[in-house]
Amino acid sequence: MHLPQVVSPEEWQAAHDELLVKEKAHMRASDALAAKRRRLPMVAFDKDYEFEGPDGRAGLVDLFDGRRQLVAYHFMFEADGTPCGGCSCYVDNLGHPAHLKARDTTFVLTSRASQQDIDAYKERMGWNVPWFTVATEDFYRDVGINKAFGLSVFIRDDDDNVFRSYFTTSRGVETLGPHWALLDLTPYGRQEEWEDSPDGVPQTPPYQWWRLHDEYDAS
């Protein structure tokens, strides 16, 4: 079993201070990147996209629930398919929506699965996040994904015209999930083979260790 080197408190503080300089530089670079993200141009999403929700049919502007901004996570759950374990990990990490709503922002999930299948899965997982069925395939075509996951950010103007300002997928979504960020702080990290870790740190193929949160004990 690998463990980090044991040193004196003074040596640990010196090493920590050296790392802190790099962490602060990384944070400043992240702040600068976020500033560029806030200045991205937009693209109109002005087709008659249709969704099915708990209250019936809805258009894209309805997903905003009256707020100015919309964050939509495109959850991999196909019609008559199996919910994605990785997407489920991400949703498990979502916090209370009141904090987003306080900044005029709504968060929703979208999938191709039926509302019946979505409701059953939400009950199993203990989730109450708004989740809509995509009823017009043009939406996913315009989003730029097929049988994949991703996250889109939309904004609407005073006339209810909707625009997409941002999109990310793959590891770009990982940065938005606290359990990945917390594991990155630990000596063993995520324990996946792609990581640059000291010799002796346990590592397994990426993604294969993920389970639904009610399946870990069974595995």
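My aim in this report is to walk through the structure given alongside it, one point at a time.

1. Some details on the pattern of salt bridges
Once their charged atoms are close, side chains differing in charge can pair, the charge on each being opposite to the other. In total, this model carries 12 salt bridges according to the counting rule given. Residue Asp 142 pairs with Lys 47 through a salt bridge whose shortest N-O separation is 3.2 Å. A residue pair is termed long-range when its members are at least 10 positions apart, and Asp 142 in helix α5 (residues 138-143) and Lys 47 in the loop between β1 (43-44) and β2 (50-53) qualify at 95 residues. Between Arg 112 and Glu 78 there is a salt bridge, with its nearest N and O atoms 3.0 Å apart.

2. Structural notes on the packing of aromatic side chains
How two aromatic rings sit relative to each other is given by the distance of their centres and the angle of their planes. Applying the stated criterion to the full structure yields 19 aromatic pairs. Both rings, one in Tyr 121 and one in Trp 131, keep their centres 6.4 Å apart while their planes meet at 70°; by these two values the pair is edge-to-face. Separated by 10 residues along the polypeptide, Tyr 121 in helix α4 (residues 115-125) and Trp 131 in strand β6 (residues 131-134) bring together distant segments of the chain. The buried category is assigned to Tyr 121, whose relative accessible area is 6%. Taken together through their ring pairs, the aromatic side chains of Tyr 73, Phe 75, Phe 77, Tyr 90, Tyr 121, Trp 127, Trp 131 and Phe 149 make up a single cluster.

3. As for the state of the cysteines
Here the structure, examined in full by the defined rule, presents 0 disulfides. Cysteine Cys 87 remains unbridged, with the sulfur of Cys 84 as its closest cysteine sulfur at 3.5 Å. Cysteine Cys 89 is unpaired, with the sulfur of Cys 84 as its nearest cysteine sulfur at 8.2 Å. Judged by its relative accessible area of 6%, Cys 89 falls in the buried class.

4. What to know about the nonpolar core
Membership of the largest hydrophobic core comes to 24 residues, with the highest contact counts inside it found for Tyr 73, Phe 75, Tyr 90, Leu 109, Tyr 121, Trp 127 and Trp 131. Put simply, the parts of the chain that give this core at least two residues each are β4 (69-74), α2 (85-92), β5 (105-111), α4 and β7 (150-156). With 4 residues, α2 is the largest single contributor of residues to this core. Other than its neighbours up to four places away in sequence, Phe 75 contacts Pro 83, Cys 84, Cys 87, Ser 88, Val 91, Leu 109, Thr 110, Ser 111, Tyr 121, Trp 127, Trp 131 and Tyr 140. In this structure, Tyr 49, Ala 58, Leu 60 and Val 108 belong to the second largest nonpolar core, which totals 18 residues.

5. A closer look at the sheet that holds β1
Backbone hydrogen bonds hold the strands of a sheet together, and the pairing may be parallel or antiparallel. One open sheet accounts for 8 strands, arranged β1-β8-β7-β4-β5-β6-β2-β3; its pairing is mixed. With one partner strand each, in any of the chains shown, β1 and β3 (56-59) form the two edges of the open sheet. Two strands pair when backbone bridges link them, and β2 and β3 are joined in this way by 4 bridges, in the antiparallel orientation. Each residue of the ladder has a partner; that of Phe 51, found in β3, is Ala 58.

Reading the values: the criteria
- Residues numbered from 1 in each chain as written.
- Predicted model: local features only at pLDDT ≥ 70, side-chain atom pairs only at ≥ 80, totals over all residues.
- Heavy atoms only, no water.
- Salt bridge = Lys/Arg side-chain N within 4 Å of Asp/Glu carboxyl O.
- Helix = DSSP H or I, 4+ residues; strand = E, 2+ residues; numbered from the N terminus.
- Phe/Tyr/Trp six-rings, centres within 6.5 Å; stacked < 30°, edge-to-face > 60°.
- Buried < 20%, exposed > 50% of the residue type's maximum accessible area, 1.4 Å probe, protein only.
- Disulfide = S-S within 2.5 Å.
- Core = buried A, V, L, I, M, F, W, Y, C linked by side-chain atoms within 4.5 Å.
- Contact = heavy atoms within 4.5 Å.
- Pairing = 2+ DSSP bridges.

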